[in-house]
Protein chains: 2
Amino acid sequence: MDIGNSHNSLLPVTCNLQLATPVIILVNTQLPENIGAAARAMKNFGLSELRLVAPREPFPNKRAYDLAGHAPEILDNAKLFQTTREAVADMKKVYAATARSREMVKAVYTPAESSGLIAKEKVPAGILFGPERTGLTNEDVTIADSVITIPTANEFTSLNVAQSVVVIAYQLFQSTCNLEHATGNLIHKSEFASKEELQNFFNHLERRLDEVDFWKVAEKKPKMWLNLQNIFTRASLTEQEIRTLHGVLAALK
Amino acid sequence: MDIGNSHNSLLPVTCNLQLATPVIILVNTQLPENIGAAARAMKNFGLSELRLVAPREPFPNKRAYDLAGHAPEILDNAKLFQTTREAVADMKKVYAATARSREMVKAVYTPAESSGLIAKEKVPAGILFGPERTGLTNEDVTIADSVITIPTANEFTSLNVAQSVVVIAYQLFQSTCNLEHATGNLIHKSEFASKEELQNFFNHLERRLDEVDFWKVAEKKPKMWLNLQNIFTRASLTEQEIRTLHGVLAALK
């Protein structure tokens, strides 16, 4: 996906995410690349606080920074802990991201549901993500108040740890920001042709079609002509496009 | 995130995704790793058809397979094209994933909105994703009927191409599958203690507290006792946990 910046972003957003910015806690992550990719996704979706519980490779790590893109400061500020318990000591609510059933009683939420809870509770919250191969231990899940499970296609529930962070951060941003809806938004609204300009083009087009006796049977013209106008009306033409179409009509003479 | 399988998945899903399975089209992708990660995410969320337009590195590629996880067959079946036009020739609708504003008129949708459209239109559809550094060219965006933009935090709109596939595939799955909602679901429902078992425990507890004159002032007992029962009732205890609590009470004698 290519890059924009705030000046030409297609979707202006106003976000009250400060009310719902949980700490992302990566437990025993094996690959520094996944730590970096998680940091990048966090920044995309307005999260900033990363905690690492005993990562398998030394940290800070160049391979993490390589994947972090424009979010190096999230890695700079990441806090290291020896145990999950220490990492969540100051949290009021802890969620465990896991797809695996456990021999324990724990409420399970989808990312959308947990996002709603986190936004509503407005207390310091953290989300635990386990290591690549084995996932969170039962001990770590026990620390959590509840579980977040990402619904997947039945036959394949395994998500990469960084991809899980992407999904949960995306959903949190979706659920807790007042996004301006984009439906029907069109780029460069201001350049749309006026109805008068459109009518001038229709006049030009009709004149040319009359000249070449496009209609053949006079009685058919009214309906045919409405249909033709509808095509161009539906296209939401810009001023430039209208000029181009005038040129086309002229050139076809 | 750790791994589950369909047998112990926490969230049973019934999905009509066959009505909304767009083709993922990666244009000029630079890193084979991103092709592999995209394939993995596609499989997680029920998509299967991948097309590659002139990837920068030779394909098939081991680095892609390394990242594809349990989705090698998506790479096996990926079709290669020289141009984007050829890759979309049999599509009825094409969406361009981009965050960058263009000098053109094109409807812009969020992932949730485009998912709704794709599910509703039920025609062969494809989604274009551009190369890592530059994104889709204007020519490729022109081919598309409309644009999908992932809303992000204002100051940072850049998503990795594979992460964009994750988000759009996740949202499509969310929007087009009948997911059983998880709110309040508890693991191992069937093992919850019956109310009779809970009452037996309460009887045991009350007897013990009476024995040690826990209440001190008799008039205070009714309210104190209700509060105590509420704590254990709210905990949704299992049979095993009730047995454990009986054991604790006995041991404290």
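A. Molecular detail of the packing of helix α7 (residues 161-176) of chain A against helix α7 (residues 161-176) of chain B. At a minimum axis distance of 10 Å, the contact between α7(A) and α7(B) shows a crossing angle of 60 degrees. It follows from the interaxial angle that α7(A) and α7(B) lie oblique. The element α7(A) and its partner α7(B) pack so that their crossing is right-handed. Contacts between α7(A) and α7(B) pair A:Gln163, A:Val166, A:Val167, A:Tyr170 and A:Gln171 from the former with B:Gln163, B:Val166, B:Val167, B:Tyr170 and B:Gln171 from the latter.

B. Spatial organisation of the pairing of strand β5 (residues 93-97) of chain B. Residues and elements named next belong to chain B. Of all the five residues making up β5, four are buried; the element is thus mostly covered by neighbouring parts of the structure. Here β5 runs beside strand β7 (residues 125-129); their pairing, made up of five bridges, is parallel. Along β7, the bridge assignment pairs Val94 with Gly126. For β5 and strand β8 (residues 146-148), the ladder comprises three bridges, and the chain directions are parallel. The partner of Ala97 across the bridge, within β8, is Ile148.

C. Local environment of the confidence of the model for chain A. All names here are of chain A. Summarising the model, chain A shows a mean pLDDT of 82, and 82% of its residues fall at 70 or more. Below a pLDDT of 50 lies the segment residues 1-9, which in the model reaches 33 contacts outside its immediate sequence neighbourhood of four places, other chains included. Scored as a complex, the prediction yields pTM 0.77 and ipTM 0.75.

D. Seen up close, unusual backbone geometry. Note the cis peptide between A:Phe59 and A:Pro60, where omega equals 5 degrees. Relative to the assigned elements, A:Pro60 resides in the loop between β3 (50-53) and α2 (62-68). Although it is not a glycine, B:Asp213 sits at a positive phi angle of roughly 50 degrees. One can find B:Asp213 in the loop between α8 (195-211) and α9 (221-234). You can call B:Asp213 partly exposed: its relative accessible area is 41%. Phi at B:Lys216 is positive, roughly 60 degrees, even though this residue is not glycine. With a relative accessible area of 67%, B:Lys216 lands in the exposed category.

E. View of the environment of B:Leu26. All names here are of chain B. Mapped onto the fold, Leu26 is located in strand β2 (residues 23-27). Residue classification places Leu26 among the buried residues on the basis of a relative accessible area of 2%. With 26 residues separating them along the chain, Leu26 and Leu52 place their C-alpha atoms 5.0 Å apart. Beyond its immediate sequence surroundings of up to four residues, Leu26 is in contact with Ile35, Ala38, Leu50, Arg51, Leu52, Val53, Phe129, Val161 and Val165.

F. Inspection of the environment of B:Leu117 at higher detail. Its location among the elements puts B:Leu117 in helix α5 (residues 111-121). Of the residues examined, B:Leu117 reaches a relative accessible area of 17% and is grouped as buried.

G. Main features of the packing of aromatic side chains. Counted under the stated rule, the structure contains 13 aromatic pairs over all chains. Between A:Phe202 and A:Trp225 the ring centres are 5.9 Å apart and the planes differ by 80 degrees, which places this aromatic pair in the edge-to-face class. Of the two residues, A:Phe202 sits in helix α8 (residues 195-211) while A:Trp225 sits in helix α9 (residues 221-234), which places them 23 residues apart along the sequence. With relative accessibility at 10%, the residue A:Trp225 sits in the buried group. On the basis of an interplanar angle of 50 degrees and a centroid distance of 5.9 Å, the ring pair of B:Phe45 and B:Phe173 is categorised as tilted. With a gap of 128 residues between them, B:Phe45 in the loop between α1 (32-44) and β3 (50-53) and B:Phe173 in helix α7 connect regions that are remote in the sequence.

H. Representation of the packing of α8(B) against helix α10 (residues 239-251) of chain B. Residues and elements named next belong to chain B. Running from amino to carboxyl end, α8 crosses α10 at an angle of 15 degrees, the nearest separation of the two axes being 10 Å. Here α8 is positioned roughly parallel relative to α10, judged by the angle of their axes. For the crossing formed where α8 meets α10, the hand is left-handed. In this structure, α8 uses Glu197, Leu198, Asn200, Phe201, His204, Leu205 and Arg208 to contact α10, whose residues at the interface are Glu239, Ile242, Leu245, His246, Leu249 and Ala250.

I. Spotlight on α5(B). All of the buried residues along α5(B) are B:Pro111, B:Glu113, B:Ser114, B:Ser115, B:Leu117 and B:Ile118. Elements that come into contact with the buried residues of α5(B) comprise α7 of chain A together with β5, β6 (107-109), β7, β8 and α7 of chain B. Phi for B:Lys122, located one or two positions after α5(B), is positive at around 50 degrees.

What counts as what
Residues numbered from 1 in each chain as written. Chains lettered and ligands numbered in written order. Predicted model: local features only at pLDDT ≥ 70, side-chain atom pairs only at ≥ 80, totals over all residues. Heavy atoms only, no water. Axes fitted to C-alpha atoms, helices over the stretch in contact; angles between N-to-C directions. Helix = DSSP H or I, 4+ residues; strand = E, 2+ residues; numbered from the N terminus. Parallel < 35°, antiparallel > 145°, perpendicular 65-115°, else oblique. Left-handed = near helix turned anticlockwise from the far one by under 90°. Contact = heavy atoms within 4.5 Å. Buried < 20%, exposed > 50% of the residue type's maximum accessible area, 1.4 Å probe, protein only. Pairing = 2+ DSSP bridges. pLDDT = per-residue confidence, 0-100. Phe/Tyr/Trp six-rings, centres within 6.5 Å; stacked < 30°, edge-to-face > 60°.

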